[in-house]
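Below are the chains, spelled out letter by letter.
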Amino acid sequence: MEFEVKDVARALGLNIESSQRITGWSIDSRTVAPGDLFFALRGPNHDGDAYVDDVLRKGAVAAVANDTAKNQAAPGPVLIVPDTLEALQSAASWALQQWSGEVIGVTGSAGKTSTKDVIAAILGASMPVGKTIGNLNNHLGVPLSILRLPDEARVAVLEMGMNHAGEIRKLCEIARPRIGVVTNVGYAHMEAFDSIEGVAAAKRELIESLPPDGIAVLNAGDPLVSRFREVHPGRTITFGIDSGDIRAGHIQLTDSGVSFMVEGVLFESSMLGRHSVLNIVAGIAVAALYGIRPAQLTSVVRDLAAPSMRGRRLIHDEVLILDDCYNSNPDAARAMIDVLRDTPAKRRIAVLGEMLELGRWSEPLHRDVGSYVAASGIDVLVGIRGEACHLVDAARHAGLAVNAAFFFADAPAAGELLRRIARPGDAILFKGSRGTHVELALEKFVVRSN
């Protein structure tokens, strides 16, 4: 969205008479561009006020800062506020009031980024759409995503994440979604919760925040999610595989992706696994709310592509690589193990990094996934870093041979092993939490020695 500096200043309770036009929004002095409004955020290890002069010299039209004394001689307009984070969130909320579009909120323990992208792609074939870029889904990312919406967008598809109770409710106060989509409730971010029901309550905040005329779009196959309709007085539409108002059936997993039927319409996609079908069906369900029928969506679904490190298929030296390095949690790991299990290959190798933010649940949840690897008939398991040692130990106890289960403290060492043991015809899955950097194992595997 684009505004004049004076209008944003007025929205923040300030009087700055600058008619310069804001063409971008930034919280990072390293990437600020001419025309940006810069928010000088404070963090535990940095003070954004220290970069105000720099960003204004780079062409920022103004800065929102905390400290008058530090910015008296700044080479451009500075909007002094008590709290720059609150100012960022207030500016986003105000900007939405000036915009005539509708917000769709998307949350869930797994699949929310992919579902957000699917919904945006499906709706984008019929109308101008804005969306969260990447997974900017927290107290900083959601307001930034709002401010960066194209002015012409009719719909904004915003991903909403959380680590603690109350966070999604706060995001909804800023974004005011009219449609809320929940993919699932699982064991991601368990460290702040006493039970899976606590995670469910935190996800339910999206549905609780909808207006009375809002619409809840819920996964019929998740018992916790399907009960969210009980807290919403308005309309609910459900989606799922073999259940729900909008449902997929006749699913076929192929070498090139998946095919399935919805309301008698055949869909084909290069995306991987049954979980991807569920993400797509969620998008088809949202499209129905805008009068878009399944028969209108076959080409859009066929053109959907997995983003980098999110279920992409690669071939290297006759080895099939399933690159899902971006992030992981117990439910997402099982989903990709299923994909690996169902992939035709001479041997199937799972490279699984530590799953973070599980707190006191970490060891048992890692062990559960390790046991699942063995029960799924995976031939080789490689665990990377920290708590992944429990993955490997549990897989061995569940029957995986000692010489087929390995643990490494870092990802590059795992990549070196794979270069020694991988053979043509193998399929290798790479998956782990972002902080584990499993992609370094993949990079080491595909780069030949000199």
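Read on for a plain summary of the structure. Owing to the predicted nature of the structure, the values given are computational and were not obtained by experimental measurement.

### Topic: helix α15 (residues 439-446)
Consideration 1: Considered for burial, the residues of α15 that qualify are E439, A441, L442 and F445. Buried residues along α15 cover an arc of 155 degrees about the axis, so they all sit on one side.

### Some thoughts on unusual backbone geometry
Consideration 1: With a phi close to 60 degrees, H189 is a non-glycine residue in the positive phi region.
Consideration 2: One can find H189 in the loop between β12 (179-182) and α7 (196-208).
Consideration 3: The backbone of M309 shows a phi angle near 65 degrees, a positive value even though the residue is not glycine.
Consideration 4: Residue position: M309 is located in the loop between α10 (298-303) and β18 (312-316).

### Remarks on the sheet that holds strand β10 (residues 129-131)
The strands making up a sheet associate through hydrogen bonds between their backbones, and the pairing can be parallel or antiparallel.
Consideration 1: The sheet built from 9 strands is open, its strands ordered β10-β11-β9-β12-β13-β14-β15-β16-β17 with mixed pairing. The open sheet terminates on both sides in strands that have one partner only, identified here as β10 and β17 (265-269). When the angles between neighbouring strand axes are averaged without regard to direction, this sheet yields 20 degrees.
Consideration 2: Judged from the 4 bridges that link them, strand β9 (residues 102-107) and β12 form a sheet pairing that is parallel. Along β12, the bridge assignment pairs V106 with V181.

### Concerning the pattern of salt bridges
Consideration 1: Counting across every chain of the model gives 25 salt bridges.
Consideration 2: We note a salt bridge from D342 to R341, for which the minimum N-O separation is 3.0 Å.
Consideration 3: Look at D342 and you get partly exposed, because its relative accessible area is 37%.
Consideration 4: Salt-bridge contacts for E354 lead to R385; the nearest nitrogen and oxygen are separated by 3.1 Å. Within this pair, whereas E354 is found in the loop between β20 (348-353) and α12 (362-375), its partner R385 is found in the loop between β21 (380-384) and α13 (388-397), the two being separated by 31 residues in sequence.
Consideration 5: Residue class for R385 comes out partly exposed when judged on its relative accessible area of 29%.
Consideration 6: Through salt bridges with shared partners, one network takes in R42, D47 and K70.

### Digging into the nonpolar core
Consideration 1: Counting 104 residues, the largest nonpolar core has F39 and F430 as its most contacted members.
Consideration 2: Considering each element in turn, this core owes the most residues, 7 residues, to helix α3 (residues 84-98).
Consideration 3: In this structure, M127, V217, A248 and I280 belong to the second largest nonpolar core, which totals 41 residues.

### Some words on the pairing of β17
Consideration 1: Side chains V265, F267 and S269 project from β17 onto a buried face, and the interleaved L266 and E268 project onto a face without burial.
Consideration 2: Bridging between strand β16 (residues 257-262) and β17 involves 5 bridges; their strand directions are antiparallel. Residue pairing in the sheet places S259 in a bridge with E268 of β17.
Consideration 3: Between β16 and β17, which pair antiparallel in sequence order, lie 2 residues; one of them, E263, sits at a positive phi of approximately 50 degrees.

### Brief notes about the side chain of T113
Consideration 1: Relative to the helices and strands, T113 is located in helix α4 (residues 112-124).
Consideration 2: Exposure remark for T113: the relative accessible area of 8% places this residue in the buried category.

### Things to note about the environment of S126
Consideration 1: Note that S126 resides in the loop between α4 and β10.
Consideration 2: Taking the C-alpha atoms as reference points, S126 and S376, 250 residues apart in sequence, are found 41 Å from one another.

### Some words on the sheet that holds strand β7 (residues 62-65)
Consideration 1: Strand order in the open sheet made by the 4 strands is β3-β4-β7-β8, with parallel pairing throughout. Where the open sheet ends on each side, the last strands, each with one partner, are β3 (24-26) and β8 (78-80). On average, each strand axis in the sheet is inclined to that of its neighbour by 20 degrees, with strand direction left out of account.
Consideration 2: Pairing geometry for β3 and strand β4 (residues 36-39), over 3 bridges, is parallel. Residue pairing across strands places G24 opposite D36, the latter belonging to β4.
Consideration 3: Each of β4 and β7 is contacted by α3, which is oriented at about 140 degrees to β4, the strand it contacts most.

Analysis parameters
- Residues numbered from 1 in each chain as written.
- Predicted model: local features only at pLDDT ≥ 70, side-chain atom pairs only at ≥ 80, totals over all residues.
- Heavy atoms only, no water.
- Buried < 20%, exposed > 50% of the residue type's maximum accessible area, 1.4 Å probe, protein only.
- Helix = DSSP H or I, 4+ residues; strand = E, 2+ residues; numbered from the N terminus.
- Arc of directions from axis to C-beta.
- Pairing = 2+ DSSP bridges.
- Axes fitted to C-alpha atoms, helices over the stretch in contact; angles between N-to-C directions.
- Salt bridge = Lys/Arg side-chain N within 4 Å of Asp/Glu carboxyl O.
- Core = buried A, V, L, I, M, F, W, Y, C linked by side-chain atoms within 4.5 Å.
- Contact = heavy atoms within 4.5 Å.

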